[in-house]
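# Topology and contacts: notes
Letter by letter, the chains look like this.
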Amino acid sequence: MWQPDGWDVRVRLGVLTPHADVGPESELRAMAPADVGLHAARVPFGGIGRGGVMDATIPLAPVRAFAEPPFVDEAAELLAAAPVAAIAYAFTSSAYVIGARGEAYMLERLRERAHGLPVVATCAAMVEALRVLGIARIGLVDPPWFDATLNDLGRGYYEEAGFEVPYAAPCDLPSGQVLIRPEALHDRVVAQVSDEVEAVVIGGNGLRAVGAIGALEATLGRPVLTANQVLLWAALRAAGSGTGAGSGSGSATGGIEGYGRLFAHP
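Residues numbered from 1 in each chain as written. Predicted model: local features only at pLDDT ≥ 70, side-chain atom pairs only at ≥ 80, totals over all residues. Heavy atoms only, no water.

A separate point is the overall build of the protein. Helix and strand counts for the protein stand at 9 helices and 8 strands. Relative to the 2.2 N^0.38 estimate, which gives 18 Å for 266 residues, the radius of gyration of the protein is 17 Å and therefore close to what a compact globule would have. Principal axes of the C-alpha set define a box for the protein whose edges measure 50 × 40 × 35 Å. Buried residues in the protein amount to 54% of all 266 residues. Put simply, 75% of the contacts in the protein that link residues at least 6 apart link residues at least 24 apart. Both charge centroids of the protein, one from 19 positive and one from 29 negative side chains, sit 2 Å from each other. (Helix = DSSP H or I, 4+ residues; strand = E, 2+ residues; numbered from the N terminus. Rg over C-alpha atoms; globule rule 2.2 N^0.38 Å. Buried < 20%, exposed > 50% of the residue type's maximum accessible area, 1.4 Å probe, protein only. Contact = heavy atoms within 4.5 Å. Lys, Arg positive; Asp, Glu negative; His and termini not counted. Charge placed at Lys NZ, Arg CZ, Asp CG, Glu CD.)

Structure below.
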């Protein structure tokens, strides 16, 4: 008689996302089980306009500004007033620009504004996931709207974290969120990334990527990690939920299958 209304969830996660970007919420909702609630706060981002339209490449200044006070701090504080167990910072490129130390400082600042709630960020989550999987050499594929400079900063971020990055490049696809499809991304990653890497890292929370994870892992025979995939994994860990795909129906992440071998690692 009664229909699901979204109230009966085991855990609620907050998401900080660029104001005109629907990518993080779309992909997180696709992966998360029905008993995981997702609640987003929008943060002004100078590199994206009405309708989610961006320039062919995003400039570095608004990328850096996104991670700085006051807007993201105010959004975190407001989001923390809701009954969420953790907050996920759904933005990749700012960590490339401010580096791991700047990212760590930002996370500490946001946790304070969120009154002590756990706050996880995409690139820090990627590093944690790679270490859990025992990966040493990665191939980094960034969105086509990341220029060579931003991609080089991404390579430097992961090298500073201790990983070898024998391959790093923006994805050779049309520059525009609505122009990317999973099958095209799959084919370009397979064509671009060499066999010497142990895992593929796909950057960009606004890049349509999680639908290609299963196919890419099947084709490449290696782990494939994407921005929103690792962000969900880290947020659930921070919220105190097991992330094992086989952890049973009582787990907030029970049923996460088809989105990569990462979810087999609690």
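Now that the structure has been shown, we can carry on.
For the protein, per-residue confidence averages 93 on the pLDDT scale, and residues scoring 70 or more make up 94% of the total. Scored below 50 in pLDDT, residues 242-254 makes 36 contacts in the model with residues more than four places away or belonging to other chains. (pLDDT = per-residue confidence, 0-100.)

All right, on to the packing of helix H3 (residues 71-80) against helix H4 (residues 93-113) then. Where H3 meets H4, the closest approach of the two axes is 8 Å, and the angle between their N-to-C directions is 40°. Here H3 is positioned oblique relative to H4, judged by the angle of their axes. Handedness of the crossing formed by H3 with H4: right-handed. Touching Val72, Asp73, Glu74, Ala76 and Glu77 of H3 are Arg109, Leu110 and Arg113, all from H4. (Axes fitted to C-alpha atoms, helices over the stretch in contact; angles between N-to-C directions. Parallel < 35°, antiparallel > 145°, perpendicular 65-115°, else oblique. Left-handed = near helix turned anticlockwise from the far one by under 90°.)

Between two packed helices, both the angle of their axes relative to each other and the distance between the axes serve to describe the pair. The N-to-C vectors of helix H7 (residues 182-192) and helix H8 (residues 213-220) enclose an angle of 30°; their axes lie 10 Å apart at closest approach. Considering the angle they form, H7 stands roughly parallel to H8. Along this stretch, H7 crosses H8, giving a crossing that reads as right-handed. Across the interface between the two elements, His186, Val189 and Val190 of H7 pack against Ala215, Leu216, Thr219 and Leu220 of H8.

Right, let's get into the pairing of strand S3 (residues 86-89). Taking every second residue as pointing to the same face, both faces of S3 are buried, with Ala86 and Ala88 on one and Ile87 and Tyr89 on the other. With 4 bridges joining them, strand S1 (residues 11-18) and S3 adopt parallel strand pairing. Note that in S3 the partner of glycine 14 across the bridge is isoleucine 87. As paired elements, S3 and strand S4 (residues 119-121) share 3 bridges and run parallel to each other. (Pairing = 2+ DSSP bridges.)

For the structure shown, the criterion picks out 8 aromatic pairs. Ring centres of tyrosine 96 and phenylalanine 146 lie 6.0 Å apart, and the angle between their planes is 85°; on these two criteria the pair is classed as edge-to-face. One end of the pair, tyrosine 96, is in helix H4; the other, phenylalanine 146, is in the loop between strand S5 (137-142) and helix H6 (148-160), and 50 residues separate them in sequence. For the pair formed by tyrosine 96 and phenylalanine 146, the shared burial category is buried. Taking the centre distance of 5.1 Å and the plane angle of 80° together, the rings of tyrosine 157 and tyrosine 158 count as edge-to-face. The exposure classification of tyrosine 157 matches that of tyrosine 158, with both residues buried. Among the aromatic residues, ring-to-ring pairing joins Phe45, Phe66, Tyr89 and Phe91 into one connected group. (Phe/Tyr/Trp six-rings, centres within 6.5 Å; stacked < 30°, edge-to-face > 60°.)

Inspection of the secondary structure assignment puts isoleucine 213 in helix H8. Along the backbone, isoleucine 213 and glycine 260 are 47 residues apart, and their C-alpha atoms lie at a distance of 5.8 Å. Contacts of isoleucine 213, omitting those with residues within four sequence positions, involve Val224, Thr226, Gln229, Tyr259 and Gly260.

Turning our eyes to something else, we now look at the pattern of salt bridges. Tallying each qualifying case throughout the model produces 10 salt bridges. Note that arginine 42 and glutamate 25 form a salt bridge whose closest N and O atoms lie 3.0 Å from each other. Here arginine 42 is found in strand S2 (residues 36-43), whereas its partner glutamate 25 is found in helix H1 (residues 23-31), with 17 residues between them in sequence. Look at arginine 42 and you get partly exposed, because its relative accessible area is 37%. Owing to a relative accessible area of 27%, glutamate 25 belongs among the partly exposed residues under this scheme. Between arginine 137 and glutamate 198 there is a salt bridge; the shortest N-O distance is 3.3 Å. You can see arginine 137 sitting in strand S5 and its partner glutamate 198 sitting in the loop between H7 and strand S7 (199-202), a full 61 residues away along the chain. The class of arginine 137 is partly exposed, set by a relative accessible area of 29%. (Salt bridge = Lys/Arg side-chain N within 4 Å of Asp/Glu carboxyl O.)

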